[in-house]
Amino acid sequence: MSQFKVTKAVIPVAGLGTRFLPATKAMPKEMLPLIDKPVIQYVVEEAVSAGLQDVLMVTGRNKNTLENHFDRVAELEANLERKGDHDRLAKVMASTDLANIHYVRQGDPRGLGHAVLKAKAHIAEHSFALLLGDDVMDARDPLLTKMLELHESTGENVIALMEVDPSQIHLYGCAVTQGEVVDGVVRVTSLVEKPKTEEAPSNLAIIGRYVLRPEIFDILEETAPGRGGEIQLTDALMTAAQNPDRAGGVLGVVFKGRRYDTGDKLDFIKATLRIAVDREDIGQDLRQWLHEFNNEI
Ligand code: UTP
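## Re the overall build of the protein chain
Helix and strand counts for the protein chain stand at 12 helices and 13 strands. Whereas a compact globule of 297 residues would reach a radius of gyration of roughly 19 Å, the protein chain reaches 20 Å, a difference of no more than 12%. For the protein chain, the residues scored as buried account for 48% of the 297 residues in total. The contacts in the protein chain between residues at least 6 apart in sequence include a share of 76% that link residues at least 24 apart. Within the structure as shown, the protein chain displays about 15,000 Å² of accessible surface, and the carbon and sulfur contribution to it stands at 50%. Mean positive and mean negative side-chain charge positions of the protein chain (34 and 45 charges, respectively) differ by 3 Å.

Written out as structure tokens, the structure is:
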């Protein structure tokens with residue numbers, strides 16, 4: 001087995017979700033449903049379909065609803081069983097049987113880098129995938145498998161990038177790259193967290209999928225709080241990009257598929273509609289209604 005074969009996924013879900021208040025006052029934003037499944041389940045399903053059965057969630061306040069969603073609910077299962085409602089029973093069981101899920105607490109939400117550090121003991125000496133719990137990649141557009149293959153064959157850290165409109169780059173980490181994008185892959189030489197449009201080195205934004213070497217933990221431990229007083233993963237990745245001998249360099253996979261930042265209200269609505277129009281149960285009716293609605297507005 002290659003030294004860089006990945007078997008574990010880390011999913012941070014400890015952010016405060018302030019953009020979605022008051023819905024996120026008493027529950028994590030990752031529990032908001034896209035149609036009838038919480039956002040987090042889409043993300044765990046993505047990890048599992050890329051072959052990662054071992055999932056560590058870094059949780060914050062209000063973690064109970066999250067843990068309960070992936071746990072057994074004996075009373076509900078017995079009720080559906082008694083009624084012979086096997087379809088709904090299968091839906092209830094699906095999240096329970098999905099993966100081996102472990103939990104660790106972040107305590108204070110001191111930034112994404114700080115959340116990732118909490119995974120150190122569980123990950124130990126291995127490379128791992130990091131999937132942000134509020135970032136949903138459309139299952140029809142595979143990304144993680146390509147990133148895992150690239151990591152396994154090169155031993156480098158791999159991050160996902162997406163071209164965004166220059167006016168939007170201030171919302172993201174931004175990549176400084178060298179050379180051309182070949183087969184959708186580019187070398188990253190440096191990174192800047194949330195730059196102003198006029199100062200941004202490119203329009204390539206970092207999105208929520210990473211395959212990282214364990215050396216990133218040592219770098220994070222040395223990384224001082226950055227933007228917003230938070231420990232930034234982007235800052236640690238910049239150190240990795242600039243010191244390839246220490247932690248492997250950084251490659252970027254440029255993603256052209258459908259991606260939804262479900263922590264953002266407008267993107268959340270778009271995600272709901274994009275997924276719903278192709279659903280067998282409601283898709284056709286929704287499409288028809290959307291045409292009518294379009295004439296109304
Ligand atoms: P975001 O910056 O989108 O999360 O973090 P947030 O801070 O909750 O968002 P707003 O701006 O207040 O609405 C990206 C991912 O990192 C996790 C979040 O849960 C999300 O999945 N995160 C962020 C943590 O786990 N811990 C942190 O300290 C910060």
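Let us keep going from here.
## Comments concerning the site of the ligand
Around the ligand, 19 residues are found, and the nearest of them are G15, G17, T18, Q106 and G111. In the environment of the ligand, an oxygen atom lies 2.7 Å from a nitrogen or oxygen atom belonging to the backbone of G17. One of the backbone nitrogen or oxygen atoms of G111 is found 2.8 Å away from an oxygen atom of the ligand. Within the complex, 83% of the 570 Å² of free accessible area of the ligand lies under protein. Mapped onto the shell around the ligand, the elements with two or more residues apiece are β1 (8-13) and α5 (112-117). Its residues placed into classes, the shell around the ligand shows 8 nonpolar, 6 polar and 5 charged.

## Comments concerning the packing of aromatic side chains
All told, the structure shown has 3 aromatic pairs when counted by the stated rule. Where F20 meets F268, the ring centres are 5.4 Å apart and the plane angle is 75°; that geometry is what we call edge-to-face. Pair noted here: F20 is in the loop between β1 and β2 (33-34) and F268 is in helix α11 (residues 265-276), with a separation of 248 residues, a long-range link. Across the pair, F268 and F20 agree in class, each one buried. Seen in terms of ring centroids, F128 and F217 are 5.2 Å apart; in terms of plane orientation they differ by 10°. Their pairing is stacked. Highlighted residues: F128 in strand β6 (residues 128-131) and F217 in helix α8 (residues 215-222), separated in sequence by 89 residues. Take F128 and F217: they sit in the same class, and that class is buried. The ring of Y42 is capped by K37, whose NZ or CZ atom sits 4.4 Å from the centre of that ring.

## Focus on the pairing of strand β11 (residues 204-212)
Along β11, 9 of the 9 residues are buried, which leaves the element largely enclosed by surrounding structure. Where strand β8 (residues 157-163) and β11 come together, 6 bridges link them in antiparallel fashion. Bridge pairing in β11 places V158 opposite V211.

## Let's talk about the nonpolar core
In terms of nonpolar packing, the biggest core is built from 51 residues, with I11, I40, V44 and M57 touching the most fellow members. The element best represented in this core is helix α1 (residues 39-49), accounting for 7 residues. The residues contacting I40, other than those within four sequence positions of it, are I11, V13, E30, M31, M57, L66, F70 and G133.

## Some thoughts on the pairing of strand β10 (residues 185-193)
Bridging between strand β9 (residues 173-182) and β10 involves 7 bridges; their strand directions are antiparallel. Bridge assignment links G173 to a residue of β10, and that residue is E193. Once β9 ends, the chain turns through 2 residues before running back antiparallel as β10, passing D183 with a positive phi of about 50°. Here 4 bridges tie β10 to strand β12 (residues 250-254), and the two strands are oriented antiparallel to one another. Paired with V188 across the bridge in β12 is V250.

Scoring rules and cut-offs
- Residues numbered from 1 in each chain as written.
- Predicted model: local features only at pLDDT ≥ 70, side-chain atom pairs only at ≥ 80, totals over all residues.
- Heavy atoms only, no water.
- Helix = DSSP H or I, 4+ residues; strand = E, 2+ residues; numbered from the N terminus.
- Rg over C-alpha atoms; globule rule 2.2 N^0.38 Å.
- Buried < 20%, exposed > 50% of the residue type's maximum accessible area, 1.4 Å probe, protein only.
- Contact = heavy atoms within 4.5 Å.
- Areas by Shrake-Rupley, 256 points an atom, 1.4 Å probe, with all protein chains shown as cover.
- Lys, Arg positive; Asp, Glu negative; His and termini not counted.
- Charge placed at Lys NZ, Arg CZ, Asp CG, Glu CD.
- Near = heavy atom within 4 Å.
- Polar contact = N/O pair within 3.5 Å; in protein donor to acceptor, adjacent residues only side chain to side chain.
- Nonpolar A, V, L, I, M, F, W, Y, C, P; charged D, E, K, R; others polar.
- Phe/Tyr/Trp six-rings, centres within 6.5 Å; stacked < 30°, edge-to-face > 60°.
- Lys NZ or Arg CZ within 6 Å of the ring centre and 35° of its normal.
- Pairing = 2+ DSSP bridges.
- Core = buried A, V, L, I, M, F, W, Y, C linked by side-chain atoms within 4.5 Å.

These figures capture arrangement, not role.
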